[in-house]
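# Summary of the model geometry
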Amino acid sequence: MAFRQLVFSGVQPTGNLHLGNYLGAIQRFVALQESHDCLYCVVDLHAITVWQDPVELKRCIREVTAAFIASGIDPTRHIVFNQSQVSGHAELAWVFNCVARLGWLNRMTQFKEKAGKDRENASVGLYAYPSLMAADILLYRATHVPVGEDQKQHLELARDIAQKFNNDFGPSIAAHGLGEAFFPQPEPLIGGPAARVMSLRDGAKKMSKSDPSDLSRINLTDDADTVASKIRKAKTDPEPLPSEAEGLKGRPEAENLVGIYAALAEVPKETVLAEFGGGQFSTFKAALVDLSVTKLGPIGAEMKRLVADPEHIDAILRDGAARARILADQTMAHVKDIVGFVR
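Attention in this report is confined to the structure presented alongside it. Numbering of residues starts from 1 in every chain and runs along the sequence as written. For a predicted model such as this one, the threshold for reporting local features is a pLDDT of at least 70, and the threshold for listing and counting side-chain atom pairs is 80 or more; totals across whole chains, interfaces and linings nevertheless cover every residue. With hydrogens and water stripped out, all remaining heavy atoms of the structure feed into the side-chain values.

Okay, the overall build of the chain next. A tally of regular secondary structure across the chain gives 14 helices and 5 strands. Atoms counted for the radius of gyration: C-alpha only. Globule rule: 2.2 Å times residue count to the power 0.38. Taking 20 Å as the expected radius of gyration for a compact globule of 343 residues, we find that the chain reaches 21 Å, a close match to that expectation. Summarising its shape, the C-alpha atoms of the chain cover approximately 70 × 45 × 45 Å along the three principal directions. Each residue gets one of three labels from its accessible area relative to the maximum for its type: buried under 20%, exposed over 50%, partly exposed in between, using a 1.4 Å probe on protein chains only. Burial analysis of the chain (343 residues in total) assigns 50% to the buried set. Helix numbering and strand numbering both begin at the N terminus, where a helix is a DSSP run of H or I of at least 4 residues and a strand a DSSP run of E of at least 2.

Another point: the pattern of salt bridges. Here, a salt bridge means any Lys or Arg side-chain nitrogen found within 4 Å of an Asp or Glu carboxyl oxygen. Taken as a whole and judged by the stated rule, the model has 20 salt bridges. With its nearest N and O atoms 2.8 Å apart, the salt bridge here joins Asp-314 to Arg-62. A residue pair is termed long-range when its members are at least 10 positions apart, and Asp-314 in helix H14 (residues 310-339) and Arg-62 in helix H3 (residues 54-71) qualify at 252 residues. Judged by relative accessible area, which is 22%, Asp-314 ranks as partly exposed. Judged by relative accessible area, which is 23%, Arg-62 ranks as partly exposed.

Each helix should span, by expectation, one fewer than its residue count multiplied by 1.5 Å. For helix H4 (residues 88-99), which comprises 12 residues, the first-to-last C-alpha distance of 16 Å matches the rise-based estimate of 16 Å (1.5 Å per residue) to within 8%. For H4, the set of buried residues is Gly-88, His-89, Leu-92, Ala-93, Val-95, Phe-96 and Val-99. Seen from one end, H4 has its buried residues packed into an arc of 165 degrees, which puts them on one side. Throughout, the arc means the angular range of directions from the helix axis out to the C-beta atoms.

Take the environment of Cys-98 next. Here Cys-98 shows up in helix H4. Residues Cys-98 and Ile-161 lie 63 residues apart in sequence; the distance between their C-alpha atoms is 9.9 Å.

Now for unusual backbone geometry. Even without a glycine there, the phi angle at Arg-141 is positive, about 50 degrees. With respect to the helices, strands and loops of the structure, Arg-141 is situated in the loop between helix H7 (124-138) and strand E4 (144-147). Within the chain, Glu-266 stands out as a residue other than glycine whose phi angle is a positive 55 degrees. As for its position among the elements, Glu-266 is in the loop between helix H11 (252-265) and helix H12 (269-276).

A few words now on the nonpolar core. To form a nonpolar core, buried Ala, Val, Leu, Ile, Met, Phe, Trp, Tyr and Cys residues must be joined to one another through side-chain atoms within 4.5 Å. Grouped together as the largest cluster of nonpolar side chains are 60 residues, with contacts concentrated most on Phe-68 and Phe-284. For this core, the element with the highest residue contribution is helix H13 (residues 281-307), accounting for 10 residues. Contacts are assigned to residue pairs that have any heavy atoms within 4.5 Å of one another. Non-local contacts of Phe-284, meaning those with residues more than four positions away in its chain, are made with Leu-241, Leu-257, Val-258, Tyr-261, Val-272 and Phe-276.

Running from N to C, H11 and H12 cross one another at 105 degrees; their axes reach a closest spacing of 9 Å. Relative to H12, H11 is oriented roughly perpendicular. Contacts between H11 and H12 involve Glu-255, Val-258, Gly-259, Tyr-261 and Ala-262 from the first element and Lys-269, Val-272, Leu-273 and Phe-276 from the second. When its residues are assigned to classes, the contact of H11 with H12 shows 6 nonpolar, 1 polar and 2 charged. Note on geometry: axes are C-alpha line fits, over the in-contact stretch for helices, and angles between N-to-C directions span 0 to 180 degrees. When describing relative orientation, an angle under 35 degrees is termed roughly parallel and one over 145 degrees roughly antiparallel, while 65 to 115 degrees is termed roughly perpendicular and anything else oblique. Throughout this entry, Asp, Glu, Lys and Arg are counted as charged residues, while Ala, Val, Leu, Ile, Met, Phe, Trp, Tyr, Cys and Pro are counted as nonpolar. The remaining residues, Gly among them, count as polar.

Below, the structure is given as structure tokens:
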């Protein structure tokens, strides 16, 4: 069966959006909207798997929306919304909780990492949130999901759930005239050169908003002087830059900065090394400062402007949610029929 080509992706509203979020996700969202129909979601239901301050959560939902728009996502051509405004996400997640197997969720490495040693104290939501993630994608019967390496396991689970639903309810799906399979097998769209941006203080750790050192990341709201200062202070090693990509092996900080430059300039790492290889880090960092400020400065300024007008952001989210709901309600009506609910 041929499914309509549709991209779904979401970003958690947990504050302090940084360069890693931009290069690993948002920049790619902007590019994908030229070739696909897209739904971009602020996944606020996922955010509350750990406790959130209600006032701060509202601010963060608006800030992520502002980042989407400031980066170039067009909310009139595509759908930009926050998850909690479309009840189908939670409804389908419950159906999927009853389709997914406990053994599948036990294998999810992200729960083990996030819950840590005190697993008994983690919320049920944190444990079951891969079911909600599958529901996010399949509520729209999306065919493609831009994912980083760390999300591939969750997408595999979404595919398993879709497959099991289609198998378990095959006769009912056919009886309702819905073909051989109701849900598609969503495909990953894996990122480009800097899908994984590392900390500016430690090239072995991912850039993270939870890192206690603000110098470890470039926030999208940082001004030009702050961006410049953080790049100049970024950890490097004493060797000059190599001329070949092979020479970056075993040099995580150098590889990270070259990767950031390549992603911002939208060129391969080899192109960057051909230009800067053999030179000193100070020269390369100066060029990286100029490029970062040129690329990120307008985004930060536009984000600040948008965040100062919450009513405008809320109107965008309301409109997006109304359009998302039309698709979601269609899916849920079919799911209820397939499962055997009376409606």
